[in-house]
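Here is how the chains run, residue by residue.
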Amino acid sequence: MQINFDNKINEIIKILALEAERFGVKIYFIGGLVRDVLMGKKPLDIDILVEGDAIEFVQSLGDFVQIKSLHKDFGTIKTQILDVDIDFASTRKEIYPISGCLPTVEKIGCKLEEDLIRRDFTINAMAFLINPNLDFTLVDKFSGQEDLKKGILRLLHDNSIIDDPTRILRGLDFELRFNFKFDSNAQKLIQEYLKAPNREGLSVDRVILTLRKLFCSPDRAQKAFREFLKRNYYKILFDKCDLNYSEIEKAVSLFSPENLSEVYINYIFAQNIEKKEFKNRVEIYKYFKTLNVEDLCVYWAKTKDDNAILYFNKLKNVELKISGQDLLNLGFKQGKIFGEIFDALLEAKLADNCDIESFEDEIEFVKNNFLK
Ligand code: ATP
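Within every chain, residues take consecutive numbers counted from 1 along the sequence as written. Totals for whole chains, interfaces and linings use all residues, but because this is a predicted model, local features are given only for residues with pLDDT of at least 70 and pairs of side-chain atoms are given and counted only at 80 or more. Remark: hydrogens and water are excluded; side-chain values derive from all non-hydrogen atoms of the structure.

### Side note on the pairing of strand β3 (residues 66-71)
Heads up, the rule is: Strand pairing follows a simple DSSP-based rule, namely that at least 2 bridges must link the two strands. Helix numbers and strand numbers start at the N terminus; a helix is a DSSP run of H or I with at least 4 residues, a strand a run of E with at least 2.
Pairing of β3 with strand β4 (residues 76-81) involves five bridges; the strand directions are antiparallel. In the strand pairing of β4, Ile 67 is matched with Thr 79. The loop that links β3 with its antiparallel partner β4 comprises four residues; one of these, Gly 75, has a positive phi angle of about 65 degrees.

Okay, structure coming up:
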């Protein structure tokens, strides 16, 4: 099997293959790259799996490689070779001492098959053996290619979801991206897990990272969030939730946030958000100014506070043009009066039909109200 890389990447791969032969290790393309190539897509990231110790292999390559970072415990190493980013990983055997925790690496440099079985789905557990002739041999120990043709997401073993429930979310992402389906066994294991999740050791950080990926595509984020709720996948995190698809969608349509992923994640984790009491527009302005538009969405979804809409539609672009220096120039002495002047000016500018626009208008306002 050939891969449609550009010439520079082909040259790099050829050199790596020859070096691997010399070093005495087998190297493979792995995971998403293999899946994407078999689906006829151009690979985006280049991930190379070394059947052995990737760090030792990369270090043996000398100046040819620029090492960006390395993670000894996991045997992974990020590099740049002739300006191309290439990530290397050692084959590794992992165990999950507690459901949902981050895995412990039991062995670095294990056999390829032991590495493949720790992966999420059969479609992501295939490898291409890298040869200097650039004709790559598919290694498909779990019939991933057949599942890819059928559009099926099949787990590699029955403990997979208990080990790492974020695989449920990764699966949803692949369902929506590729129009695939969990096979019946995966569906059964997911349902069983959601009935009795053990969250004691759950890595919430990893759940958030996976959610970020799930909601990152603007085309799919809304659908992904709807399915996340409909299928009760929030149970990975909580027993109960008061999340409501239509209220957050309404918020999204009102405030048009750029980062939908942040909106959904903040909404999922938002607790105890209550409607604020404001005495006037200055308070409204000052409070909402501290929130980004994603948080504004979540606040509104939780409270339906019309002041959030007032702020967003009418107040948010109001800015004072004068500074403390201008007040000093007018003869004021630094102190409490500065705050009083700024608040009064802000209040005037936040009012409907305000005609204080330019710098000169603001100076005029201060003179009229504070120097007479
Ligand atoms: P894409 O980057 O296109 O979303 P990908 O499959 O390459 O897809 P990554 O998150 O980069 O996604 O993961 C690379 C590979 O690592 C996967 O193909 C899979 O083999 C493995 N992997 C990633 N996350 C998990 C997980 N939670 N459990 C098991 N294996 C995983």
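Once the structure has been displayed, the description carries forward.
### Concerning the layout of surface pockets
Put simply, the rule is: Grid points spaced at 1 Å over the protein atoms alone were grouped into cavities, where a 1.4 Å probe fits but cannot get out, and pockets, open sets with protein on both sides within 12 Å along at least five of seven lines, with lining residues defined by an atom within 4 Å of a point. Grid points are joined across faces, edges and corners, and a volume is the space filled by probe spheres set on the points. Side-chain classes are defined by residue name, with Ala, Val, Leu, Ile, Met, Phe, Trp, Tyr, Cys and Pro counting as nonpolar, Asp, Glu, Lys and Arg as charged, and the others, Gly among them, as polar. Where each domain begins and ends is defined by an automated method or by a domain database.
Of the voids in this model, the largest pocket is the one considered here, and its volume is about 1,700 Å³. Lining the largest pocket we find 46 residues, and of these Asp 47, Arg 92, Arg 119, Arg 170 and Lys 213 sit closest to its centre. Residues belonging to the lining of the largest pocket are distributed by class as follows: 16 nonpolar, eight polar and 22 charged. Residue contributions to the lining of the largest pocket reach at least three from each of two domains, namely domain 1 (7-150) and domain 2 (151-241). Lys 93, Glu 94, Ile 95, Tyr 96, Glu 106, Glu 114, Ile 117, Arg 118, His 157, Asp 163 and Arg 167 are the residues that line the second largest pocket. When residues of the lining of the second largest pocket are assigned to their parent elements, the largest contribution, three residues, is made by strand β6 (residues 92-95). Residues belonging to the lining of the second largest pocket are distributed by class as follows: three nonpolar, one polar and seven charged. Taken domain by domain, the lining of the second largest pocket gets at least three of its residues from each of domain 1 (7-150) and domain 2 (151-241).

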